Amino acid sequence: SQDGTVSGERSYTGSGNTDVTPENDYRLLASESVAIVVDGGNAGVADPGDTLEYTVAITNTGATATNVTYTETVPEQTTYVASSLTTSQGTADDGSAPDLSVDLGSLANSATATVTYRVTVDGGTPDGARLYAQGQVSSDVTTTSPSDSDGTPVNGAQATIIPVGGPSPMTD
């Protein structure tokens, strides 16, 4: 030990190696997409007053996960459509909207649960504005993970983005 360091330091010298394998592989993937379901303005373009539907597919690619929850705050410059939060399993809670929560319960290996909700683009939202949506999935056996717009975990979790009034002049 050097002067001023705590005595009782551990020596980490040794030889050999041992593979470490976790008992169970837990992985929850939340893929999020958006569609225009009420298109009152320019066809195929999100405009103020249009209704958007967000769909999140939560897939378990590992051992059974327990107490799975999904939470999301609706995008800024939108208004949640009352009672539109649905789930294919478990319980949906929109009582604190714009903060949404879904208790999915247990999710077995290879199982997928689907969550949907709707919003209306706020009047006065300027052309070129971008609406960002990204929720989080967690369970008793996983860390909290953000939703991903492209469903490809190896490149990170991207928010689901839709431009208002057509393509945004901004780039990522």
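All of these numbers come straight from a predicted model, not from anything done at the bench.

### Points about the packing of aromatic side chains
Inference 1: The tally for this structure, following the rule as stated, stands at one aromatic pair.
Inference 2: Ring centres of Tyr 54 and Tyr 117 lie 5.1 Å apart, and the angle between their planes is 15°; on these two criteria the pair is classed as stacked. With a gap of 63 residues between them, Tyr 54 in strand S2 (residues 51–60) and Tyr 117 in strand S8 (residues 112–121) connect regions that are remote in the sequence.
Inference 3: Residue Tyr 54 is classed as buried on the basis of its relative accessible area, which comes to 0%.

### Describing the environment of Ser 33
Inference 1: Mapped onto the elements, Ser 33 comes out in strand S1 (residues 28–38).
Inference 2: The exposure class assigned to Ser 33 is partly exposed, which follows from its relative accessible area of 38%.
Inference 3: Measuring from C-alpha to C-alpha, the distance between Ser 33 and Asp 150 comes to 8.2 Å, with 117 residues separating the pair along the chain.
Inference 4: Not counting the four nearest positions on each side in its chain, Ser 33 is found in contact with Glu 53, Tyr 54, Thr 55 and Thr 160.

### As for unusual backbone geometry
Inference 1: For the bond from Ala 97 to Pro 98, the omega torsion is 20°, close enough to zero to count as cis.
Inference 2: The residue Gln 77 is not glycine, and still its phi comes out positive at about 70°.
Inference 3: When you line up the elements, Gln 77 lands in the loop between strand S3 (65–73) and strand S4 (78–80).
Inference 4: The class for Gln 77 is partly exposed, based on a relative accessible area of 34%.

### A short note on the sheet that holds strand S10 (residues 136–139)
Inference 1: The five strands lie next to each other as S6-S7-S3-S10-S11, forming an open sheet whose pairing is antiparallel. On the outer flanks of this sheet lie strand S6 (91–96) and strand S11 (142–146), each paired with one strand and no other. Along the sheet, successive strands turn relative to each other by an average axial angle of 15°, direction set aside.
Inference 2: With three bridges joining them, S3 and S10 adopt antiparallel strand pairing. Across the sheet, residue Thr 69 finds its bridge partner in S10, namely Ser 138.

### Comments concerning the side chain of Asp 47
Inference 1: Mapped onto the elements of the fold, Asp 47 is located in the loop between S1 and S2.
Inference 2: We note that Asp 47 is buried and unpaired, the nearest opposite charge coming from Arg 130 at a distance of 15 Å.
Inference 3: Those residues in contact with Asp 47, other than ones at most four positions away along the chain, are Gly 41, Asn 42, Val 121, Val 164 and Gly 165.

What counts as what
Every chain's residues receive numbers from 1 upward, in the order its sequence appears when written. In view of the model being predicted, local features appear only for residues whose pLDDT reaches at least 70, and side-chain atom pairs are presented and counted only at 80 or more, with totals across whole chains, interfaces and linings using the full set of residues. Computation of side-chain values: all heavy atoms of the structure, hydrogens and water removed. For Phe, Tyr and Trp, rings pair up if their centres lie within 6.5 Å, where Trp contributes its six-membered ring, and each pair is then called stacked (planes under 30 degrees apart), edge-to-face (over 60) or tilted (otherwise). Strands here mean DSSP runs of E at least two residues long; helices mean DSSP runs of H or I at least four residues long; both are numbered from the N terminus. For every residue, the accessible area obtained with a 1.4 Å probe (protein chains only) is divided by the maximum for its type, and the residue is called buried under 20%, exposed over 50%, and partly exposed between those limits. Here, two residues are considered to be in contact whenever any of their heavy atoms come within 4.5 Å of each other. Whether two strands pair depends on DSSP finding at least two bridges between them. Axes here refer to lines fitted to C-alpha atoms; in helices the fit is confined to the stretch in contact. Angles between the N-to-C directions go from 0 to 180 degrees. Charged residues are defined narrowly, with Lys and Arg counted positive, Asp and Glu counted negative, and His plus the chain ends left uncounted. Between Lys or Arg on one side and Asp or Glu on the other, a salt bridge is scored when a side-chain nitrogen of the former is within 4 Å of a carboxyl oxygen of the latter.

Purely geometric numbers; function is a separate question.
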